[in-house]
Amino acid sequence: MKKLIIILSLLTVSVLAKDKKDDSEIVQPRKYNFSESAALALAKEMCSCLYVSEQSEKYCRTVTKESRIFARYKVKKSKKQVHTTWGGYRAQADFNIEKPQFGCKLVKAERFDRLKKVWHDIADEKYWDAYLRDYLRRANNPRDRRSRRLR
Amino acid sequence: MTPRYTLRHMLYSDAMRGILFIITFIVNQLVYAQLLPVNKPWPTKGWQTKDLKAAGFNTEKFNKFLDYVWEDEGNFKSDQIVIIKDGYLVYEGYSNGYHKDKKHMLWSLTKSMTSIIMGTALQKGIIDKNDPAHKYFPTLNRDKAEDIKLHHVLNMSSGFDFYEEHPIHDIFSDSVSVYYSRHSYKNVALGVSKLPMKHNPGTQFKYGTHEPMLAMGILKKAINNQEVYDSYPWDALFNKLGMKNVTFEQDLSGTFMGGAYAHSTARDYAKLGYLLLNKGKWEGEEILTEEYVDFAIKKVAPALYIPKTEKKQQRLNVETYGAYFWLNGVLPMNENGRPYPAAPEELVQAMGFRGQTMGLIPSKNLIIVRLGSDGVYKKIKRNKMYELLLASMEE
């Protein structure tokens, strides 16, 4: 009985694998990065919705929901910018304040390795130097709230 | 006695009658060719309005159309709707915070706008339909790609290996990665020019955002002056038509995103339709040649007549296409008839993501622009929209 189940499972797997192979022969997923696309798309579309269509953030959240499922965003209203992050990528779209007829454009799209950054900071002497100086400054400042805690 | 020639004699003389006949004939021809703006409302400073009934609509049946397009059961969201009949605005409606001057994302309606902008450049002789694309993008100087001509780009038959709507899932689509990739977002047209080739140019129609992106890149290279290029769409088109509410976004290289990123109002976008209904003429000025208007909205892209060679690619040889406009003709290999059976074969459409639509029916001198925020799966049914609209025009 066990053998039969194993044989049937193997047959099922091979049939499924064959079907998958047929599909992949026709179309291969393209060479792009899903996380990257989600971050870039959200930055651009949220920026255009907010600053070109001049819609509310609530409305813009509904029309960007496909990319927002994955990516997170932050709006900088004073500079008319939208910053997004997702899966180790970050993007930025800016509204062209000087030439509003050109709307929003993606100005930054880069790989952002948070862990790598933290490790880089820890390994950097200057980081500790700055941290120590900041600590001492606060410790010596009686007005600094946090300095009271330090003492 | 010498005969006295009075004005009456002169008018009745054969010679004078001949001259009057010739003058009348020339004026008629000019009016017919729409070079003289006789009794035609031109909306450059804004659309003139007309009552629905006076425009020949049955208001009761028209309400059924309105009930459908503005339904609020959460199936789709209409934001702006404008209907133009015989050059008069007969209906306009707005929702979701939009009003007549508030711009809406056009998505792929931008492609049709790009077609018209390219048409103006052809009319001015800035570019030629037979220009090889590698003349502007040396990256295309390679196998198969070296044969791409501008008319292939305008007919979406360049032959690039590109999937606008991926059969496995939309998220894998090249239409997403063509803008949203670190490698191409700075200069999208250049990124397109580096795409691998799959077919010989002119042999396979393939709807895609990449082609109008490349087209606007070609125009930029042809103009070869950033300042002139930046103002070109406004100088050559928008300002002439009085389109005041238009945003046309650029990538970081300063190239217009001809495939999807323009914004406008329904009122302004309808002016593009009116330009086409008037065979490219606007208040006596030729903006597009009649030949280009035919190329864009009448002549089916030649590659569509070649049987499809790829399986599972959506939108392949199922709907007819001109130059960045959808047509409603029946292809010999398409047994299902017209793509939009409720509308006549002459229907011309600009269509975009989230249900953006402009429909033109030349024989009825009718334009409908519908801008919306439909979901990916819950979209307005365009065929039903035309069915109800046309029913309201029946006598």
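By convention here, each chain's residues receive numbers from 1 onward along its written sequence. Lettering for chains starts from A, numbering for ligands starts from 1, and both go in the order in which the items are written. Restriction of local features to residues with pLDDT of at least 70 applies here, the model being predicted, together with a cutoff of 80 or more for giving and counting side-chain atom pairs; totals for whole chains, interfaces and linings are based on all residues. Values reported for side chains reflect all heavy atoms of the structure, with hydrogen atoms and water molecules removed beforehand.

## What to know about the overall build of chain B
Secondary structure summary: chain B contains 12 helices and 12 strands in total. Relative accessibility thresholds used throughout: buried, under 20% of the residue-type maximum; exposed, over 50%; partly exposed, between the two (1.4 Å probe, protein chains only). Sorting the 395 residues of chain B into buried and exposed places 56% on the buried side. Two residues form a contact once any of their heavy atoms are found within 4.5 Å. Once local pairs closer than 6 in sequence are excluded, the contacts in chain B between residues at least 24 apart make up 68%. For chain B, the accessible surface area stands at approximately 17,100 Å², while carbon and sulfur atoms represent 52% of it. In DSSP terms, a helix is any run of H or I states spanning at least four residues, a strand is any run of E spanning at least two, and both are numbered starting from the N terminus. Method for areas: the Shrake-Rupley scheme with a 1.4 Å probe, in which residue coverage is limited to the protein chains shown.

## Describing the interface of chain B and chain A
In this assembly, 45 residues from chain B lie in contact with 38 residues from chain A. The term buried area refers to how much accessible surface (probe radius 1.4 Å) is lost by two components on association, counted for both of them together. The largest contributions to the chain B side of the interface with chain A come from Y180, R182 and Y185 of chain B, which together make up 21% of the buried area. Each salt bridge in this description consists of a side-chain nitrogen of Lys or Arg and a carboxyl oxygen of Asp or Glu lying within 4 Å of one another. The interface formed by chain B and chain A includes two salt bridges. Between E36 of chain A and R182 of chain B there is a salt bridge, and its shortest N-O distance comes to 2.8 Å. Any pair of N or O atoms that falls within 3.5 Å is considered a polar contact. Within protein, one atom must be able to donate a hydrogen and the other to accept it, and sequence-neighbouring residues count only if both atoms are side-chain atoms. The interface formed by chain B and chain A includes 16 residue pairs in polar contact (both at pLDDT 80 or more). Of all elements in the fold, only β3 (104–105), α6 (174–177), α9 (226–241) and β4 (246–248) of chain B reach the threshold of two or more residues within the side of chain B that touches chain A.

## Notes on a positive patch on the surface
Residues and elements named next belong to chain A. The grouping of K74, K76, K79 and K108 at the surface amounts to a positive patch. Positionally, K74 belongs in strand β1 (residues 72–76). For K74, a relative accessible area of 56% translates into the label exposed. Only residues whose relative accessible area exceeds 30% and that form no salt bridge enter a patch; like-charged residues are grouped when within 9 Å of one another, and nonpolar side chains (Val, Leu, Ile, Met, Phe, Trp, Tyr) when within 5 Å. When charges are tallied, Lys and Arg are placed among the positive residues and Asp and Glu among the negative ones, while His and the ends of the chain are skipped. Working definition for charges: the position is that of NZ of Lys, CZ of Arg, CG of Asp or CD of Glu.

## Things to note about the packing of helix α3 (residues 59–69) of chain B against helix α12 (residues 382–391) of chain B
Residue and element names in this part refer to chain B. A fitted line through C-alpha atoms serves as each axis, taken over the contacting stretch for helices, and the angle formed by two N-to-C directions is quoted from 0 to 180°. The geometry of α3 relative to α12 is characterised by a closest axis approach of 7 Å and an angle of 160° between their N-to-C directions. Of the possible angle classes, the one that applies to α3 and α12 is roughly antiparallel. With respect to the hand of their crossing, α3 and α12 are arranged in left-handed fashion. Counting all contacts with α3, which are made through K61, F62, K64, F65, Y68 and V69, the residues of α12 involved are K384, M385, L388, L389 and A391. Class assignment for the residues of the contact of α3 with α12 results in eight nonpolar, no polar and three charged. The scheme is simple: roughly parallel for angles under 35 degrees, roughly antiparallel for over 145, roughly perpendicular for 65 to 115, oblique for anything else. The hand of a helix crossing depends on one turn: near helix anticlockwise from the far one by less than a right angle means left-handed, and clockwise means right-handed. Here the term charged refers only to Asp, Glu, Lys and Arg, the term nonpolar to Ala, Val, Leu, Ile, Met, Phe, Trp, Tyr, Cys and Pro, and the term polar to all other amino acids, Gly among them.

## Digging into the packing of aromatic side chains
Planes of paired rings set the category: under 30 degrees apart is stacked, over 60 is edge-to-face and the rest tilted, where pairs are Phe, Tyr or Trp rings (Trp by its six-membered ring) whose centres lie within 6.5 Å. As enumerated under the stated definition, the model contains 26 aromatic pairs over all chains in all. Centre to centre, the rings of F248 of chain B and F256 of chain B are 4.7 Å apart; their planes meet at 25°, and the pair counts as stacked. Of the two residues, F248 of chain B and F256 of chain B, neither departs from the other in class, the shared state being buried. With a centroid separation of 5.8 Å and 90° between ring planes, the pair formed by Y274 of chain B and W282 of chain B is classed as edge-to-face. The buried category is assigned to Y274 of chain B, whose relative accessible area is 2%. Put simply, the rings of F102 of chain A together with Y229, W234, F238, F248 and F256 of chain B pair up and form one aromatic cluster. Charge-over-ring placement is defined geometrically: NZ (Lys) or CZ (Arg) within 6 Å of the ring centre, and within 35 degrees of the ring normal. A cation over a ring is seen here: K221 of chain B above F137 of chain B, with NZ or CZ 4.7 Å from the ring centre.

## So, the sheet that holds β3 of chain B
All names here are of chain B. If DSSP finds at least two bridges between two strands, the strands pair. In spatial order, the strands read β3-β5-β4; together these three strands make up an open sheet with antiparallel pairing. Strands at the two margins of the open sheet, each flanked by one partner only, are β3 and β4. In this sheet, strand β5 (residues 262–264) lies alongside β4 in antiparallel orientation, the contact comprising three bridges. Its bridge partner being in β5, T247 is matched across the sheet by H263.

## A look at the pairing of strand β2 (residues 88–94) of chain B
Residue and element names in this part refer to chain B. When strand β1 (residues 78–85) meets β2, the two strands line up antiparallel, connected through six bridges. Residue pairing for β2: I83 is matched across the bridge by Y91. Adjacent in sequence and paired antiparallel, β1 and β2 are bridged by two residues, among which D86 carries a positive phi angle near 50°.

## A look at the packing of helix α4 (residues 109–123) of chain B against helix α8 (residues 210–223) of chain B
Residue and element names in this part refer to chain B. With their axes 10 Å apart at the nearest point, α4 and α8 run at an angle of 30° to one another. As the angle between them shows, α4 and α8 are arranged roughly parallel. Our pair here, α4 against α8, has a crossing hand that is left-handed. Seen from α4, the contacting residues are K111, T114, I117, M118 and A121; seen from α8, they are P212, A215, M216 and L219. Here the contact of α4 with α8 is built from residues that sort into seven nonpolar, one polar and one charged.

## Thoughts on the side chain of Q55 of chain A
Residue position: Q55 of chain A is located in the loop between α2 (34–52) and α3 (57–63). Judged by relative accessible area, which is 9%, Q55 of chain A ranks as buried. Of note is the side chain of Q55 of chain A, whose polar atom sits 3.2 Å from the backbone oxygen of N96 of chain B. If sequence neighbours within four positions are ignored, Q55 of chain A has contacts with C49, L50 and C60 of chain A together with N96, G97, Y98 and K102 of chain B.

## Overview of the sheet that holds strand β2 (residues 81–86) of chain A
The strands making up a sheet are joined through hydrogen bonds of the backbone, oriented either antiparallel or parallel. Residue and element names in this part refer to chain A. As summarised here, the arrangement of the four strands in space is β1-β2-β3-β4, forming an open sheet in which the pairing is antiparallel. On the outer flanks of this sheet lie β1 and β4 (104–111), each paired with one strand and no other. Averaged over all neighbouring strand pairs, the angle between strand axes comes to 15°, with direction disregarded. Sitting on the sheet, α2 is in contact with β1, β2, β3 (89–95) and β4, with an inclination near 20° to β3.

## So, the state of the cysteines
Residues and elements named next belong to chain A. For this text, the term disulfide refers to a pair of cysteine sulfurs within 2.5 Å. A complete count under the given rule lists two disulfides over all chains for this structure. Disulfide partner of C47: C104, at an S-S distance of 2.0 Å. Every disulfide takes its handedness from the sign of the S-S torsion; for C47 and C104 that torsion is -80°, giving left-handed. Residue C47 is located in helix α2, and its partner C104 is located in strand β4; the two are separated by 57 residues in the primary sequence. With a sulfur-sulfur separation of 2.1 Å, C49 is cross-linked through a disulfide to C60.

By themselves, these observations are geometric and do not establish any function.
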